[in-house]
Amino acid sequence: EKTIYLSLLKENDISPIRENEIEVISIHQESSFFKLWRVSEDFLESAKSVQLKVSELSEILKRRPFKLKQGLIDFWIPTFLFLKRDDFAVFGDNIYIPNLSEENLELIAKYPEKYSIKTFDIEGVKLDIFNSYRKFLNIATGPKFDNNSFIETIKPFIIFYKQLPEYSKNTKRLSPSAIKIRKAIATSKDPEDTFFEAFPSALGFTLFSLQQDKSKLQNFTTSLQDGVRELRTAYDDLVKRFEDFICSEFVGKTADFDEYKEYLQKRFSKLKKHMLLSNQKTFVKRLDSPLDDKKAWLNSIVQAVTGKTLETFSDEDEILLYERFKSMILELDSLTKISKSEIDESKEEVIGVKIDSFFSKIDPKVVRIPKNKSKEIEQLKNELKEKLGKDNTGNIAAVLKLLKELLQ
């Protein structure tokens, strides 16, 4: 490797120098490699407007006036790309490769047709936009940026997206711009395209409109901040809606976590828990949990009702939660009334009955049945069952109507 460096680079006056604390590569005009260096730089310049395959540079070097042998091309292209690595982005199978490692360079030399490059073109309004992103992320701004700057700037957005709960990644209860920003981050393959095309487009701007009127840049930055904030708080908003549901439907007033938690626990403190169904037992057990972390406590009871936690909810799951939670509370309310009755379990069976109707209100009833009448009741049930038809829907409707009349 030292021999290659000495013969390929140093011997041909290609060496790094420092200008204003930045390392740049210089080449002497008298060097026999000067024209090769220039045509390679021209290739990078032409890659500003569109991605170019590395194999296209290889084809240029094979033709006149260079007609380089493949052996030298295999050395030169990885060497040149490494020396200029801060000036462009590398893509393999349309996937952005943030860092040029030794392994990457070997693969590029071996399969140049599988890799492409896109040279950064950050001037004018693009520079202003890029600096606005860095201000938003509290990263230093500047007049010139390289590949490391792109990695440094895109990385917080990607980390932010990956750390979002699944709910926030999928909910549609967001503004159209927040949904588009989320999609731009999730599908980001080219940081330059994300920063200068996808983000502005998501917020109703174009590079041209920002270039024509730079005063719009502040509006663009503010809109981006609002969209990111909306994504960040989407899950917290879901938790807050569930809290509001509990307070409005059951507590009857706005209450903090400790207050509504204590209210629900006291509401079912008289239940005969050994008589509950397994899902009811789980729900009550989690209600009575001493957890003092609000989100953990709420998620435990949500999971008991729906089988999911709020983090993994879909928008449809939220609607289902309210229905099932309300139904569970009403079931337990009925059982609480039964529990308060003076019951001798060895002598009687107790059934709670509640029918919901759109057109009339029927209060829940507690039916107490002496166990010595069990055979008589079972016989009556079988006789009624024989009278039923084959249509289960009709059977249920008929039984409910009869039950409704009896309860009234």
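See the structure shown above.
Cut-offs applied
Residues numbered from 1 in each chain as written. Predicted model: local features only at pLDDT ≥ 70, side-chain atom pairs only at ≥ 80, totals over all residues. Heavy atoms only, no water. Helix = DSSP H or I, 4+ residues; strand = E, 2+ residues; numbered from the N terminus. Buried < 20%, exposed > 50% of the residue type's maximum accessible area, 1.4 Å probe, protein only. Contact = heavy atoms within 4.5 Å. Salt bridge = Lys/Arg side-chain N within 4 Å of Asp/Glu carboxyl O. Pairing = 2+ DSSP bridges. Arc of directions from axis to C-beta. Axes fitted to C-alpha atoms, helices over the stretch in contact; angles between N-to-C directions. Parallel < 35°, antiparallel > 145°, perpendicular 65-115°, else oblique. Left-handed = near helix turned anticlockwise from the far one by under 90°. Nonpolar A, V, L, I, M, F, W, Y, C, P; charged D, E, K, R; others polar.

Below, the discussion takes up the environment of L137. The residue L137 is located in the loop between α6 (125-136) and α7 (147-162) in this model. A relative accessible area of 23% means that L137 is categorised as partly exposed. For the pair L137 and I154, spaced 17 residues apart in the sequence, the C-alpha separation amounts to 9.9 Å. Every residue in contact with L137, bar those within four places of it in the chain, is listed here: T153, P156 and F157.

Below, the discussion takes up the pattern of salt bridges. Where charged atoms from two side chains of opposite charge come close, those side chains can pair. Applying the stated criterion to the full structure yields 21 salt bridges. One salt bridge in this structure joins K62 and E59, with 3.7 Å as the shortest N-O distance. Highlighted residues: K62 and E59, both in helix α3 (residues 54-62), separated by 3 residues, approximately one helical turn. You can call K62 partly exposed: its relative accessible area is 36%. In this structure E59 comes out as partly exposed when scored by relative accessible area, which is 39%. Of the charged contacts in the structure, one is a salt bridge between D226 and R229, with a shortest N-O distance of 2.8 Å. Of the two residues, D226 and R229 both sit in helix α12 (residues 216-251), 3 residues apart, roughly one turn of that helix. Relative accessible area serves as the criterion here: at 44%, R229 is assigned to the partly exposed category. One network of salt bridges, in which partners are shared, links R38, E41, K84 and D87.

Attention now moves to the sheet that holds strand β5 (residues 95-97). The antiparallel open sheet is built from 4 strands, whose spatial order is β3-β6-β4-β5. Strands at the two margins of the open sheet, each flanked by one partner only, are β3 (52-53) and β5. By the bridge criterion, 2 bridges tie β3 to strand β6 (residues 115-119) in an arrangement that is antiparallel. The residue of β6 that forms the bridge with L52 is I117.

Moving on, we come to the side chain of N104. Along the chain, N104 falls in helix α5 (residues 102-110). Beyond its immediate stretch of four places on either side in the chain, N104 contacts I97 and N99.

Our next topic: helix α14 (residues 278-287). An α-helix turns once every 3.6 residues. As a result, residues three or four positions apart point the same way. Regarding α14, the residues found buried are Q280, F283, V284 and L287. In a view along the axis of α14, the buried residues occupy a sector of 95 degrees, so they form one face of it. The outward face of α14, more than 90 degrees from its buried face, is lined by the exposed residues S278 and K285.

With that settled, consider the packing of α6 against α12. Put simply, α6 and α12 touch, their axes get as near as 11 Å, and they point 40 degrees apart. With respect to α12, the axis of α6 lies oblique. In this structure, α6 crosses over α12, and the sense of that crossing is right-handed. In this structure, α6 contributes D128, I129, S132, Y133 and F136 to the contact, and α12 contributes L217, F220, T221, L224, Q225 and V228. The class makeup of the residues in the contact of α6 with α12 is 7 nonpolar, 3 polar and 1 charged.

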